[in-house]
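Understanding the architecture of this molecule
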Amino acid sequence: MKIAESTAVVRQFHKFLSLAENGESIRIRKHGRAVARLMPDADFMSGDEFAALFSNYKADDLDKAAADEVEHNIVAMKKHLREKNLAH
């Protein structure tokens, strides 16, 4: 990801738009703080298309273990955030 100051993006928007068009993401900063991103657009498939693509897929043990690990990490992150919010 490229990083650019907002003034440069304003002055050379066509350049940054071309970068995004060619797959590059640009983090835009204002006074040194990230405020926005310019990213390539992507067409996503519908939920029905996605379901059809994976309709015959059978999860194996590795898939199940990965899903369990993701779930465990989400629960831990939520707990950490709740504790952090209660501390403030």
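Going by the structure above, here's the rest.
1. With respect to the overall build of the protein chain
Of the regular secondary structure elements, the protein chain holds 4 helices and 3 strands. The helix and strand sequence of the protein chain, counted from the amino end, reads β-α-α-β-β-α-α. Its C-alpha atoms give the protein chain a radius of gyration of 20 Å, more than 25% over the compact-globule value 12 Å for 88 residues. Here the C-alpha coordinates of the protein chain stretch approximately 50 × 45 × 20 Å along the principal axes. Buried positions account for 9% of the 88 residues belonging to the protein chain. Counted over contacts in the protein chain with a minimum sequence separation of 6, partners at least 24 positions apart contribute 28%. Approximately 7900 Å² of the protein chain is accessible, and the part contributed by carbon and sulfur atoms is 56%. Placing the 14 positive and 14 negative side-chain charges of the protein chain at their respective mean positions leaves the two points 14 Å apart.

2. Section: the sheet that holds strand S2 (residues 26–30)
Spatially, the 3 strands line up as an open sheet ordered S1-S2-S3, and their pairing is mixed. Each edge of the sheet is formed by a strand with only one pairing partner; in this case those strands are strand S1 (2–5) and strand S3 (33–38). Mean inter-strand twist for the sheet, computed between neighbouring axes without regard to direction, equals 30°. Looking at chain direction, S2 and S3 are connected through 5 bridges and run antiparallel. Bridge pairing in S3 links arginine 29 to alanine 34.

3. Here's the deal with the environment of lysine 15
Relative to the helices and strands, lysine 15 is located in helix H2 (residues 13–21). Residue lysine 15 is classed as partly exposed on the basis of its relative accessible area of 43%. Residues lysine 15 and alanine 87, spaced 72 residues apart in sequence, show a C-alpha to C-alpha distance of 46 Å.

4. Quick look at the packing of aromatic side chains
Across all of its chains, the model carries 2 aromatic pairs by this definition. Taken together, a centroid distance of 4.9 Å and an interplanar angle of 40° make the contact between phenylalanine 50 and phenylalanine 54 tilted. Aromatic side chains phenylalanine 54 and tyrosine 57 sit 6.2 Å apart centroid to centroid with 80° between the ring planes, which places their arrangement in the edge-to-face category. Classification of phenylalanine 54 by relative accessible area gives partly exposed; the value is 41%. On the basis of relative accessibility, which here comes to 47%, the residue tyrosine 57 falls in the partly exposed class.

Here is what the cut-offs are and how they apply
- Residues numbered from 1 in each chain as written.
- Predicted model: local features only at pLDDT ≥ 70, side-chain atom pairs only at ≥ 80, totals over all residues.
- Heavy atoms only, no water.
- Helix = DSSP H or I, 4+ residues; strand = E, 2+ residues; numbered from the N terminus.
- Rg over C-alpha atoms; globule rule 2.2 N^0.38 Å.
- Buried < 20%, exposed > 50% of the residue type's maximum accessible area, 1.4 Å probe, protein only.
- Contact = heavy atoms within 4.5 Å.
- Areas by Shrake-Rupley, 256 points an atom, 1.4 Å probe, with all protein chains shown as cover.
- Lys, Arg positive; Asp, Glu negative; His and termini not counted.
- Charge placed at Lys NZ, Arg CZ, Asp CG, Glu CD.
- Pairing = 2+ DSSP bridges.
- Axes fitted to C-alpha atoms, helices over the stretch in contact; angles between N-to-C directions.
- Phe/Tyr/Trp six-rings, centres within 6.5 Å; stacked < 30°, edge-to-face > 60°.

Worth remembering: the numbers are spatial, not functional.
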